[in-house]
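# Observations on the model geometry
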Amino acid sequence: MMEERFEGADEFVVFAGTANPALADAVARELGITLAQSRVERFPDGELSVRLLESVRRKEVYLIQPTAPPVNDRLMELLAFADGCRRSAAARVTAVVPYFGYARADRRNRRREPITASMVAGLIQSVGIDHVLTVDLHSPQIEGFFQVPVDSLSAVAPVCDALAGTLPPDLTVVSPDAGRVKTASEFAERLRAPLAIIMKRRESGTRTEVTHLVGDVRGRACLIVDDMISTGGTLVSSIHALREAGAREFQIAATHGLLVGDACARLRDAGVTRVVVTDTVDVPERQWSALHVVSLAPLLAEAIRRMIRRESVSEMG
Ligand code: R5P
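Residues numbered from 1 in each chain as written. Predicted model: local features only at pLDDT ≥ 70, side-chain atom pairs only at ≥ 80, totals over all residues. Heavy atoms only, no water.

## With respect to the domain arrangement of the chain
Taken as a whole, the chain is organised into domain 1 (9–154 + 297–308) and domain 2 (156–294). Each of domain 1 and domain 2 was reduced to a C-alpha centroid, and the two centroids are 28 Å apart. In this assembly, 14 residues from domain 1 lie in contact with 16 residues from domain 2. Carbon and sulfur atoms make up 53% of the area that domain 1 and domain 2 hide from each other, which totals about 1300 Å². Ranking the residues of domain 1 by area buried against domain 2 places Tyr-99, Arg-104 and Asp-136 at the top, with a combined share of 37%. Scanning the region where domain 1 abuts domain 2 turns up 0 salt bridges. Our count for the domain 1 to domain 2 interface comes out at 7 residue pairs in polar contact (both at pLDDT 80 or more). Partitioned by chemical class, the residues of the side of domain 1 that touches domain 2 number 9 nonpolar, 3 polar and 2 charged. (Domains from an automatic or database assignment. Contact = heavy atoms within 4.5 Å. Buried area = accessible area lost by both parts, 1.4 Å probe. Salt bridge = Lys/Arg side-chain N within 4 Å of Asp/Glu carboxyl O. Polar contact = N/O pair within 3.5 Å; in protein donor to acceptor, adjacent residues only side chain to side chain. Nonpolar A, V, L, I, M, F, W, Y, C, P; charged D, E, K, R; others polar.)

Laid out in structure tokens, this is it:
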């Protein structure tokens with residue numbers, strides 16, 4: 001059912017790229033609007049053609065496009081949409097990028113490496129995007145790569161709401177690495193559970209090695225909290241370490257469920273009983289009964305509504 005339209009609704013349009021049409025539809029429903037029409041075609045040589053089928057002249061434009069796999073195609077499409085809007089005299093362009101691809105390339109780990117997340121931020125600004133709305137950026141420093149405002153929403157509250165009342169009483173929240181300690185603490189506080197922290201070393205794009213475990217998990221049910229699941233390698237190695245330390249049950253909460261390749265099978269084989277992800281990306285495998293998807297459409301719609309009304313986004317509950 002469509003929500004009632006709100007004041008100012010005629011002055012903005014929302015376009016959806018091809019990355020996650022179901023999420024874009026759900027956001028539009030929450031806003032009580034229909035998505036603006038556009039056409040995206042791929043030529044046989046791999047080139048992309050984007051056409052806006054509605055006027056954006058002097059309008060506020062929102063482009064919904066997570067840069068999920070295939071990341072480069074999705075990114076290129078976002079850039080083409082934005083360029084089309086700017087050349088068609090849009091008043092303002094906001095990129096709604098619920099999942100920001102390349103976010104993990106946010107620093108130089110070795111010499112002679114690029115900082116690709118910074119390069120992507122530069123590309124996004126070069127096509128005239130005025131504002132970025134995203135969810136659970138991999139690291140806070142990515143905001144610093146942009147000169148334009150970035151609003152990074154948190155999925156902690158909606159995911160905890162979805163979990164509430166379904167978790168075992170002997171729960172410990174686990175951060176699978178140092179970068180996730182702040183988020184895991186927020187989960188622990190909301191779920192009134194103790195916190196354990198794993199320290200890991202990344203060996204390659206698909207392999208990580210656990211070096212330390214801080215906290216007692218003996219006999220406990222663990223909820224491992226992460227920003228994303230790609231191959232599942234980080235979580236599987238975390239589970240091995242937790243099992244060795246005596247943990248008895250494993251659940252996962254992650255914002256971005258990329259679940260590439262055989263990630264679901266790896267998690268299932270590792271003994272995971274439940275995986276909760278959100279719909280920031282189009283979750284590839286929904287047949288696994290342990291996999292639950294929480295929609296962030298209400299959260300994203302509320303942020304867009306506030307931006308249109310010139311209200312605070314940071315003060316969202
Ligand atoms: C790493 O710092 C991230 O927060 C994730 O833990 C990691 O990138 C997930 O990737 P994978 O599932 O391939 O281990």
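This is not the end of the story, as more comes after the structure.
## Considerations on the side chain of Gln-65
Mapped onto the secondary structure, Gln-65 falls in the loop between strand 4 (60–64) and helix 2 (71–87). Separated by 3.4 Å, the side chains of Gln-65 and Glu-77 make a polar contact. Those residues in contact with Gln-65 that sit more than four places away from it in its chain are Gly-17, Thr-18, Ala-19, Arg-74, Glu-77, Leu-78, Val-96, Val-97 and Pro-98. (Helix = DSSP H or I, 4+ residues; strand = E, 2+ residues; numbered from the N terminus.)

## A few points about the packing of helix 2 against helix 3 (residues 116–126)
Axis separation between helix 2 and helix 3 bottoms out at 9 Å; the angle between their running directions is 25 degrees. Taken together, the axis directions place helix 2 and helix 3 in an arrangement best described as roughly parallel. Of helix 3, the residues touching helix 2 (which contributes Leu-75, Leu-78 and Leu-79) are Val-120, Leu-123 and Ile-124. Taken together, the residues of the contact of helix 2 with helix 3 sort by class into 6 nonpolar, no polar and no charged. (Axes fitted to C-alpha atoms, helices over the stretch in contact; angles between N-to-C directions. Parallel < 35°, antiparallel > 145°, perpendicular 65-115°, else oblique.)

## Re the packing of aromatic side chains
Taken as a whole and assessed by the stated rule, the structure comprises 3 aromatic pairs. Relative to Phe-81, the ring of Phe-15 lies with its centre 6.1 Å away and its plane at 45 degrees, an arrangement referred to as tilted. Note that Phe-15 is positioned in strand 1 (residues 12–16) and Phe-81 in helix 2, a separation of 66 residues in sequence. Accessibility classification places Phe-15 together with Phe-81 in one group, the buried group. With 6.0 Å between their ring centres and 65 degrees between their planes, Phe-100 and Phe-146 make a pair best called edge-to-face. Taken together, the residues Phe-100 in the loop between strand 5 (92–97) and helix 3 and Phe-146 in the loop between strand 6 (131–135) and strand 7 (150–153) connect sequence positions 46 residues apart. For Arg-268, the ring lying beneath its charged end belongs to Trp-288, and the centroid distance is 5.4 Å. (Phe/Tyr/Trp six-rings, centres within 6.5 Å; stacked < 30°, edge-to-face > 60°. Buried < 20%, exposed > 50% of the residue type's maximum accessible area, 1.4 Å probe, protein only. Lys NZ or Arg CZ within 6 Å of the ring centre and 35° of its normal.)

## Observations concerning the sheet that holds strand 5
Reading across from one edge, 1-4-5-6-7 is the order of the 5 strands in this open sheet, with parallel pairing throughout. Both edges of this open sheet fall to strand 1 and strand 7, since each of them pairs with a single strand only. With direction set aside, neighbouring strand axes in the sheet form an average angle of 15 degrees. Across 5 bridges, the pairing between strand 1 and strand 4 is parallel. Residue Ala-16 lies in a different strand from strand 4, and its bridge partner there is Ile-64. Along the sheet, helix 2 makes contact with strand 1, strand 4 and strand 5, crossing strand 4 at roughly 170 degrees. (Pairing = 2+ DSSP bridges.)

## Regarding the sheet that holds strand 11 (residues 221–229)
Taken in spatial order, the 7 strands line up as 10-9-8-11-12-13-14 in an open sheet, and their pairing is mixed. The open sheet terminates on both sides in strands that have one partner only, identified here as strand 10 (208–214) and strand 14 (291–294). Shown here is a sheet whose adjacent strand axes are inclined to one another by a mean of 25 degrees, direction ignored. Alignment of strand 12 (residues 249–257) against strand 13 (residues 272–278), held across 4 bridges, turns out to be parallel. Counterpart to Gln-251 in the pairing with strand 13 is Arg-274.

## Examining unusual backbone geometry
With an omega dihedral of -5 degrees, the bond running from Pro-69 to Pro-70 counts as a cis peptide bond. With respect to the helices and strands, Pro-70 occurs in the loop between strand 4 and helix 2. For Arg-192, which is not glycine, the phi torsion reads 50 degrees and is therefore positive. Relative to the elements of secondary structure, Arg-192 occurs in the loop between helix 5 (181–191) and strand 9 (195–202). By relative accessible area, which is 79% here, Arg-192 ends up exposed.

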